[in-house]
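Geometric and topological summary
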Amino acid sequence: MIPFTRVLLHFAGVLLATAAPAFAAQPNIIVYLADDMGMGDTSVYQDWTGNAAGKQLHTPNTERLAARGIRFTDAHSPSSRCSPTRYALLTGRYCWRTTLKHWVLFGVHCDPLIAPEITTLPEFLQCEGYRTGLVGKWHLGLTYTRSDGSPADGWEDADLTRPIANGPLEHGFDFFHGISRSHGTSGPNGSKWKNTPEQARGPGWMHGRSITGATGEGKKLDGSYVLDEIGPVLQREAQTLLQSAGKDPFFLYFASPANHAPYTPCRQLAGRPVRGASKFKNGQPTDSARLDFIYENDVQLGLLLDYLEKTDDPRRPGQALIENTLVIFASDNGAEIKSKTATGPLRSHKGSTYEGGHRIPFIASWPAGGIPAGSTSDRLLGLNDLYGTIADILQKPLPPRGAEDSFSQLAALRNEKTPARAPLFPNDHQEATKKRSDERAWVAVRSNATPLPGRWKLFLDHRFAFHGELHPQELYNLAADPREETNLLHKPQAKPALDFLMRAAERAKGDGGRTRTLE
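Every value quoted in this text rests on a predicted model; they were computed, and no experiment measured them.

A tally of helices and strands in the chain yields 14 helices and 17 strands. Overall, the C-alpha framework of the chain stretches about 65 × 60 × 55 Å when taken along its three principal axes. Expressed as a percentage of the 519 residues in the chain, the buried residues total 59%. In the chain, the share of contacts with a sequence separation of at least 24, taken over all contacts with a separation of at least 6, comes to 70%. When the accessible area of the chain is evaluated, it comes to approximately 19100 Å², of which 52% is carbon and sulfur surface. Both charge centroids of the chain, one from 59 positive and one from 56 negative side chains, sit 3 Å from each other.

Taken together, the 3 strands give an open sheet; going across it, the order is S15-S16-S17, and neighbouring strands pair in antiparallel fashion. Each edge of the sheet is formed by a strand with only one pairing partner; in this case those strands are strand S15 (443–447) and strand S17 (472–477). The average angle at which neighbouring strand axes cross in this sheet is 15°, direction not considered. Summarising the sheet, strand S16 (residues 456–460) and S17 pair through 5 bridges and their orientation is antiparallel. Residue Leu458 lies in a different strand from S17, and its bridge partner there is Leu475. Running over the sheet, helix H14 (residues 495–508) touches S15, S16 and S17 and is turned about 55° from S16.

Moving on, we get to the environment of Thr99. Checked against the element boundaries, Thr99 lands in the loop between helix H5 (82–91) and helix H6 (121–126). Distance from Thr99 to Ala465, taken between C-alpha atoms, is 9.7 Å for residues 366 residues apart in sequence.

Counted residue by residue, S16 has 5 buried out of 5 residues, so it is predominantly covered. With burial as the criterion, each face of S16 is covered, one bearing Trp456, Leu458 and Leu460 and the other bearing Lys457 and Phe459. Pairing analysis gives 5 bridges linking S15 to S16, with the strands arranged antiparallel. Its bridge partner being in S16, Ser447 is matched across the sheet by Trp456.

Another point: unusual backbone geometry. A cis amide bond links Gly202 with the next residue in sequence, Pro203, at an omega value of 5°. Note that the residue after Ala261, namely Pro262, is joined by a cis bond; omega there is 0°. Mapped onto the elements of the fold, Pro262 is located in the loop between strand S8 (250–255) and strand S9 (268–269). With a phi angle near 70°, Ser348 is a residue other than glycine that sits in the positive phi range.

With that settled, consider H5. Burial runs high along H5: 10 of the 10 residues are buried. Among all positions of H5, only Cys82, Ser83, Pro84, Thr85, Arg86, Tyr87, Ala88, Leu89, Leu90 and Thr91 are buried. On the buried face of H5, the contacting elements are strand S1 (28–34), H6, strand S4 (131–137), S8 and helix H11 (386–394).

Quick look at the packing of aromatic side chains now. Each aromatic ring pair is specified by the distance between its two centres and by the angle formed by the two planes. In the structure shown here, the tally under the stated rule is 19 aromatic pairs. Ring geometry for Tyr94 against Trp96: centres 5.4 Å apart, planes inclined by 10°, an arrangement best described as stacked. Judged on exposure class, the residue Tyr94 and its partner Trp96 are both buried. Relative to Phe425, the ring of Tyr94 lies with its centre 6.0 Å away and its plane at 65°, an arrangement referred to as edge-to-face. Placement of Tyr94 in the loop between H5 and H6 and of Phe425 in the loop between helix H12 (410–413) and S15 is noted, with a sequence separation of 331 residues between them. As far as burial versus exposure is concerned, Tyr94 and Phe425 are alike and both buried. An aromatic cluster of three or more residues is present, and its members are Tyr94, Trp96, Phe425 and Phe464. Above the plane of the ring of Trp155 lies Lys219, whose end atom (NZ or CZ) is 5.7 Å from the centre. Residue placement shows Arg347 over the ring face of Tyr354; its charged tip is 3.8 Å from the ring centre.

With respect to the helices, strands and loops of the structure, Gly107 is situated in the loop between H5 and H6. C-alpha separation for the pair Gly107 and Ala200, spaced 93 residues apart in sequence, amounts to 8.8 Å.

Read from one edge of the open sheet, 10 strands run S7-S6-S5-S4-S8-S1-S11-S12-S2-S13, paired in mixed fashion. Across the chains shown, the open sheet's two edge strands, defined by having one partner strand only, are strand S7 (210–211) and strand S13 (375–377). Sitting on the sheet, H5 is in contact with S1, S4 and S8, with an inclination near 175° to S8.

For the chain, the mean per-residue pLDDT works out to 93, and 95% of the residues sit at or above 70. Across residues 1–24 the pLDDT falls below 50, and counting only partners more than four positions away or on other chains, this stretch makes 34 contacts in the model.

So, on to helix H8 (residues 289–310). Here H8 is 22 residues long and its end C-alpha atoms lie 31 Å apart, about the 32 Å a rise of 1.5 Å per residue gives. The buried fraction of H8 amounts to 19 of the 22 residues, a majority that puts the element mostly inside the structure. Between a side-chain oxygen at the N-terminus of H8 and the backbone nitrogen of Arg290 the separation is 3.3 Å; the capping residue is Ser288.

Below, the discussion takes up the nonpolar core. Counting residues in hydrophobic clusters, the biggest one holds 59 residues, and the most contacted among them are Leu125, Phe251, Tyr253 and Phe362. The leading source of residues in this core is H11, at 6 residues. If sequence neighbours within four positions are ignored, Phe251 has contacts with Ile29, Val31, Leu121, Pro122, Leu125, Tyr130, Arg131, Thr132, Gly133, Phe173 and Leu241. Listed in part, the 39 residues of the second largest apolar core include Val44, Leu57, Leu252 and Leu301.

On to the packing of helix H4 (residues 60–68) against H8, then. Where H4 meets H8, the axes come as close as 7 Å, and the angle between the chain directions of the two elements is 45°. By the angle class used here, H4 and H8 are oblique. Counting all contacts with H4, which are made through Pro60, Asn61, Thr62, Arg64, Leu65 and Arg68, the residues of H8 involved are Tyr295, Asp298, Val299, Leu301, Gly302, Leu305, Asp306 and Glu309. Here the residues of the contact of H4 with H8 are counted per class, giving 6 nonpolar, 3 polar and 5 charged.

Glancing now at the pairing of S1. Note on strand geometry: in a regular strand, side chains alternate between the two faces of the sheet. Burial analysis of S1 places 7 of its 7 residues in the buried class, which makes it a mostly covered element. The alternating pattern of S1 places Asn28, Ile30, Tyr32 and Ala34 on one face and Ile29, Val31 and Leu33 on the opposite face, and all of these are buried. Bridging between S1 and strand S11 (residues 325–331) involves 7 bridges; their strand directions are parallel. Within S11, the position partnered with Val31 by the bridge is Ile328.

Basis of the calculations
- Residue indices follow the written sequence of each chain, beginning from 1 at its first position.
- In keeping with the predicted nature of the model, local features appear solely for residues at pLDDT of at least 70, side-chain atom pairs appear and are counted solely at 80 or more, and the whole-chain, interface and lining totals rest on all residues.
- Where side-chain values are given, they derive from all heavy atoms of the structure, hydrogens and water being excluded.
- Strands here are runs of E lasting at least two residues and helices are runs of H or I lasting at least four, both read from the DSSP assignment and numbered beginning at the N terminus.
- Burial classes: relative accessible area under 20% of the type maximum marks a residue as buried, over 50% as exposed, and values in between as partly exposed (1.4 Å probe, protein chains only).
- We call two residues in contact whenever any of their non-hydrogen atoms come within 4.5 Å of each other.
- All accessibility values rest on the Shrake-Rupley procedure with a 1.4 Å probe; residue burial counts only the protein chains present in the view.
- In this tally, Asp and Glu contribute negative charge and Lys and Arg positive charge; neither His nor the terminal groups of the chain are included.
- Charge positions are represented by NZ for Lys, CZ for Arg, CG for Asp and CD for Glu.
- One bridge is not enough; two strands pair if DSSP finds at least two bridges between them.
- Interaxial angles span 0 to 180 degrees and are taken between N-to-C directions of axes, which are lines fitted to C-alpha atoms, for helices over the stretch in contact.
- Working definition: a ring pair exists when centres of Phe, Tyr or Trp rings (six-membered ring for Trp) sit within 6.5 Å. Plane angles under 30 degrees give stacked, over 60 give edge-to-face, the rest tilted.
- Charge-over-ring contacts are defined here by two conditions on Lys NZ or Arg CZ: a distance within 6 Å of the ring centre and an angle within 35 degrees of the ring normal.
- In predicted models, pLDDT denotes the confidence assigned by the predictor to each residue on a 0 to 100 scale.
- Any helix carries an expected span of 1.5 Å times its number of residues minus one.
- Pairs of N or O atoms are called polar contacts if they sit within 3.5 Å, as long as, within protein, a hydrogen donor faces a hydrogen acceptor (for residues adjacent in sequence, only side-chain-to-side-chain pairs).
- As used in this record, nonpolar core signifies buried Ala, Val, Leu, Ile, Met, Phe, Trp, Tyr and Cys residues forming a set joined through side-chain atoms within 4.5 Å.
- For this classification, under 35 degrees means roughly parallel, over 145 means roughly antiparallel, 65 to 115 means roughly perpendicular, and everything else is oblique.
- In this count, Pro and Cys sit with the nonpolar residues alongside Ala, Val, Leu, Ile, Met, Phe, Trp and Tyr, while Asp, Glu, Lys and Arg are called charged and the others, Gly among them, polar.

Pasting the structure below:
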């Protein structure tokens, strides 16, 4: 049954479609989400990271996007890992409010993480007349189908020739071509993971609700899923989506599997070399598969920008699509490796609630929307803010369920002076324990608006995510201590900041809570 609030949004969208002038003003939206990419993995932030020209990967197309728009130096993923960030991006609410308090969804079958009563960002946009599409990595759970047409319990009783019962199309996407989770675990891979009727890896490529490689011979696939050919497939399908939009505004979520391990860069994209083509800023070849894979993201982005620049906007005659397209480039968490070059002047990396685990590149361009070219902002921002920002752009109210933790950053995108954002709550902290246990579900409370000057960050242990209990562990002022090395938790002079962050956490706690009311 479709929730009543979604029905209301649908009828609002139908009414809107009859008003041509307002409809034509809606921007197209492209969100390009790289996988495991730190701020030092793009040359856009070379001045910020301090990387030498002989160690900094050159990413000319992200530089090109930044020259057209704005880059943020204090942007964050809602989690230091994959699934929770993707959940928060699409729902505008923190994943620690769900059953997934930390880590990621594992295995060939995971129950869908997004509850049916939550109105996702693509569902919201569908109701506003958008053509919505996902190309790439889902990693938010699937329900397969048995041979008799009923929902499968898991991978073992799934019939891959039957349509998927619950996937991206059930959560707001008109178009989907991609993979279930990280590319290395989405299908069999050579001699290590053989393609047999009993294989425990899959389902390979999915298109809409179909598993395109299903052979009908148990779980055996047809061999079309090849790791170093993923990039060209995604580029082709993204092009298909953009060309099929017609006069409808479009929302493309390009969820790239690059540069998640294993590093499998493609040979080329649309005739542009990728494997072996990455270079440092000084012009020297990197000779690195990892950097080639990151460079694949840059080439993909460049192809999208080329299309937008060369294609006329059917809703704005005489102008190119790029003028009224909001293009965002970001990453799902920090770098996956312990590398000063990849992370810059931050502590730790992916899987950590220290800044290196969740401070990410975030670059946005939208000329018709007033984003100034070549600008920089140090405004606090989270990927969960996309929902609230887009609703503000469309001047539409947010739904009752969904976007509970999403704040409009439209003024910040325009580099206007705005009040400080309410605290962010990123989570998942591998340093909490050496064991892979629930104790890693630490949540940070991050704010630039405490009574004390600075950029303050409080760590709460796993009992906040699981029980709503506040047990502070660490406190840092990042303005003076960007490496988070001096714990100020018990310093009397830091108490006003501590009290402020504790009050914010008390108001935000709980699976049914929200932070948007704090703004």
